[in-house]
Protein chains: 2
Amino acid sequence: MKLLENMVKQDGKVYPNNVLKVDSFINHQIDPKLMMEMAKSLYEYFKDKNITKVLTIESSGIAPAILVANLFNVPMLFAKKSVPSTLKRNSFYETKVHSYTKNVTNNIIVSKDFLHSKDNVLIIDDFLANGRAAMGLVDLIEKAGASVVGVGILIEKSFQEGRKLLDKNNIDVCSLCRISSLENGKVEFNKADDILKK
Amino acid sequence: MKLLENMVKQDGKVYPNNVLKVDSFINHQIDPKLMMEMAKSLYEYFKDKNITKVLTIESSGIAPAILVANLFNVPMLFAKKSVPSTLKRNSFYETKVHSYTKNVTNNIIVSKDFLHSKDNVLIIDDFLANGRAAMGLVDLIEKAGASVVGVGILIEKSFQEGRKLLDKNNIDVCSLCRISSLENGKVEFNKADDILKK
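Reading the values: the criteria
- Residues numbered from 1 in each chain as written.
- Chains lettered and ligands numbered in written order.
- Predicted model: local features only at pLDDT ≥ 70, side-chain atom pairs only at ≥ 80, totals over all residues.
- Heavy atoms only, no water.
- UniProt positions renumbered as here; feature names shortened; annotations may be inferred.
- Helix = DSSP H or I, 4+ residues; strand = E, 2+ residues; numbered from the N terminus.
- Rg over C-alpha atoms; globule rule 2.2 N^0.38 Å.
- Buried < 20%, exposed > 50% of the residue type's maximum accessible area, 1.4 Å probe, protein only.
- Contact = heavy atoms within 4.5 Å.
- Lys, Arg positive; Asp, Glu negative; His and termini not counted.
- Charge placed at Lys NZ, Arg CZ, Asp CG, Glu CD.
- Pairing = 2+ DSSP bridges.
- Right-handed = clockwise from strand over helix to strand, strands pointing away.
- Axes fitted to C-alpha atoms, helices over the stretch in contact; angles between N-to-C directions.
- Least-squares fit on C-alpha atoms with pLDDT ≥ 70 in both.
- Buried area = accessible area lost by both parts, 1.4 Å probe.
- Salt bridge = Lys/Arg side-chain N within 4 Å of Asp/Glu carboxyl O.
- Polar contact = N/O pair within 3.5 Å; in protein donor to acceptor, adjacent residues only side chain to side chain.
- Nonpolar A, V, L, I, M, F, W, Y, C, P; charged D, E, K, R; others polar.
- Core = buried A, V, L, I, M, F, W, Y, C linked by side-chain atoms within 4.5 Å.

An unreviewed UniProt entry lists chain A under the name Xanthine phosphoribosyltransferase, with Gemelliphila asaccharolytica as the source organism. Note on chain A: under the UniProt heading Sequence similarities (unreviewed entry), the record states "Belongs to the purine/pyrimidine phosphoribosyltransferase family. Xpt subfamily." A UniProt comment under Subunit (unreviewed entry) is attached to chain A, and it reads "Homodimer."

Right, dumping it as structure tokens:
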């Protein structure tokens, strides 16, 4: 997606250890018009797939996920990193997700009330890097006996393991911006998966 | 807001210690159409106030905040409960917020890059109970020398301290649903602040 690639080039900052800082428009401050264009692009890619639910993980996935869910007119569900006081033991699906950026492993959960075996679930997240968050969400969906329709991503770091991992599991991935390298502080792109020209 | 009151009556569950569980449509699974109607209602209330930025706190405030920001066509900013690796010391405003539900005190932060003295900021959150989150966000805005235009809330527990605290500080509050009591597991309402009839 050209609009997003241009924003990444213009406002993204590259940090050591392949960290790309996009907190001025994606995951701290959010540009709502850009976020809406991205949601439309993901909707276009998956619109014929009979989506019944959009699933993401707190916190940075929530903004794109609610906009995508609104276009599909289906509920949005976000996995939580802690168990709310109102959820009883055995009333939720749980899996472990390791974050390489923060070097912590979180249990993530969704209530059993909101994922059912007939659901066709679209996973949405801001970043795809090592793929642990996406695979954790896949695991929650499979625990519910529901179907994974695909994964919609804003920014993919194609040089890390996540994309390969999802491809190997035959999961349909649409990444609006695919970064092939962040070496020497310079952002290089692969061809994106989206089908809109913006 | 009638639509929201009806959902709270129909799908909300009252737990001990005045906990209202609305995780089927507000803060775990989200009903995107209801969320959009709520965003429109908050937009209508504050639309003449020259808003330049919408501020919330992760995670449950993000969905309403991005929809409201989209209507105003201004950036949305969410305060974080941990410091990202990409933010240097002294590059963010910080304040403490106590959560009575979880009985923990979190430092919340926003980057100094995204709040400026000329900003007119609308605070958005899902719940107003003791008002600590809202007052924390007010503190961050004041540390930046920016102006607090008001606070837009989905569900207010009017019998707790938050509303009084904001009124005492002369802050304009719009709550789409105001709960006067959760006693004996029954939800009772005050008159809401919003101006739409839905």
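Remarks on the overall build of chain A
Along the backbone of chain A there are five helices and eleven strands. In terms of overall size, chain A behaves like a compact globule, its C-alpha atoms giving a radius of gyration of 16 Å where 198 residues would be expected to give roughly 16 Å. Within chain A, the fraction of its 198 residues that count as buried is 58%. Across chain A, every contact between residues at least 6 apart in sequence was considered, and the portion connecting residues at least 24 apart equals 61%. Across chain A, the centroid of the 28 positively charged side chains sits 2 Å from that of the 23 negatively charged ones.

A look at the pairing of strand β8 (residues 120-128) of chain B
Residues and elements named next belong to chain B. Most of β8 is tucked away, with nine of its nine residues classed as buried. Relative to β8, strand β4 (residues 53-57) runs parallel, the two being bridged by three bridges. Looking at β8, one finds that Lys 53 is bridged to Val 121. After leaving β8, the chain enters helix α4 (residues 132-143) and then returns to the sheet as strand β9 (residues 147-157), a path that is right-handed.

Points about the sheet that holds strand β4 (residues 53-57) of chain A
Strand order in this open sheet of seven strands is β11(A)-β10(A)-β9(A)-β8(A)-β4(A)-β5(A)-β3(B), and the pairing throughout is mixed. Pairing within the sheet leaves two strands with one partner each, and these edge strands are β11 (188-190) of chain A together with β3 (29-30) of chain B. Here β4(A) runs beside strand β5 (residues 76-79) of chain A; their pairing, made up of four bridges, is parallel. Within β5(A), the residue paired with A:Thr56 across the bridge is A:Phe78. Helix-sheet contacts for helix α1 (residues 2-11) of chain A involve β9 (147-157), β10 (173-181) and β11 of chain A, and the interaxial angle to β10(A) is about 35°.

Section: the relation of the copies chain A and chain B
When chain A is fitted to chain B, the best match, at an RMSD of 0.0 Å, comes from turning it 180° and sliding it 0.0 Å along the axis. Classification of the inter-copy transformation places it as that of a two-fold axis. Looking at the interface residues of chain A, 100% of them are also at the interface in chain B, so both copies use one shared face.

Focus: the UniProt feature "binding site: xanthine" (unreviewed entry) in chain A
This chain's UniProt record puts "binding site: xanthine" (unreviewed entry) on A:Leu20, A:Asn27 and A:Lys157. A:Leu20 has contacts with A:Val8, A:Gly12, A:Lys13, A:Val14, A:Phe127, A:Ile155, A:Lys157, A:Ile179, A:Leu182 and A:Val187, leaving out every residue within four places of it along the chain. With respect to the helices and strands, the residue A:Asn27 is situated in the loop between β2 (19-21) and β3 (29-30). Apart from the residues within four sequence positions on either side, A:Asn27 is in contact with A:Val22, A:Ser60, A:Asp126, A:Phe127, B:Phe78 and B:Lys80.

So, the interface of chain A and chain B
Of the residues lining the interface, 39 residues belong to chain A; the matching set on chain B comes to 39 residues. Carbon and sulfur atoms make up 61% of the surface buried where chain A meets chain B, a total of about 3400 Å² over both sides. Joining chain A to chain B, the criterion identifies zero salt bridges. Joining chain A to chain B, the criterion identifies 17 residue pairs in polar contact (both at pLDDT 80 or more). Here the side of chain A that touches chain B gets six residues from one element, more than from any other, and that element is helix α3 (residues 62-72) of chain A. The residue makeup of the side of chain A that touches chain B, split by class, is 19 nonpolar, 13 polar and seven charged. Here β5(A) runs beside β3(B); their pairing, made up of two bridges, is antiparallel. Bridge assignment links A:Met76 to a residue of β3(B), and that residue is B:Ile30.

Comments concerning the sheet that holds strand β11 (residues 188-190) of chain B
Within the open sheet, the seven strands sit side by side as β3(A)-β5(B)-β4(B)-β8(B)-β9(B)-β10(B)-β11(B). Their pairing is mixed. Single-partner strands in this sheet number two, and they are β3 of chain A together with β11 of chain B. Against the sheet, helix α1 (residues 2-11) of chain B touches β9, β10 (173-181) and β11 of chain B, its axis set at about 35° to β10(B). Helix α2 (residues 32-46) of chain B contacts β8, β9 and β10 of chain B of the sheet and is inclined by roughly 140° relative to β9(B).

Here's the deal with unusual backbone geometry
All names here are of chain A. Residue Ser 59 follows Glu 58 across a cis peptide bond; omega there is -5°. Its location among the elements puts Ser 59 in the loop between β4 and α3. For Asn 73, which is not glycine, the phi dihedral falls at a positive 55°. Structurally, Asn 73 is set in the loop between α3 and β5.

A word on the UniProt feature "domain: Phosphoribosyltransferase" (unreviewed entry) in chain A
Sequence positions flagged by UniProt for "domain: Phosphoribosyltransferase" (unreviewed entry) are, in local numbering, residues 33-164 of chain A. End C-alpha atoms of residues 33-164 of chain A are separated by 31 Å, and the span's content is 30% helix alongside 34% strand.

Comments concerning the nonpolar core
By size, the foremost hydrophobic cluster in this structure holds 82 residues, and its most contacted members are A:Leu4, A:Ile155, B:Leu4 and B:Ile155. Setting aside chain neighbours within four positions, we find B:Leu4 in contact with B:Phe25, B:Ile26, B:Leu34, B:Met38, B:Leu154, B:Ile155, B:Leu176 and B:Cys177.

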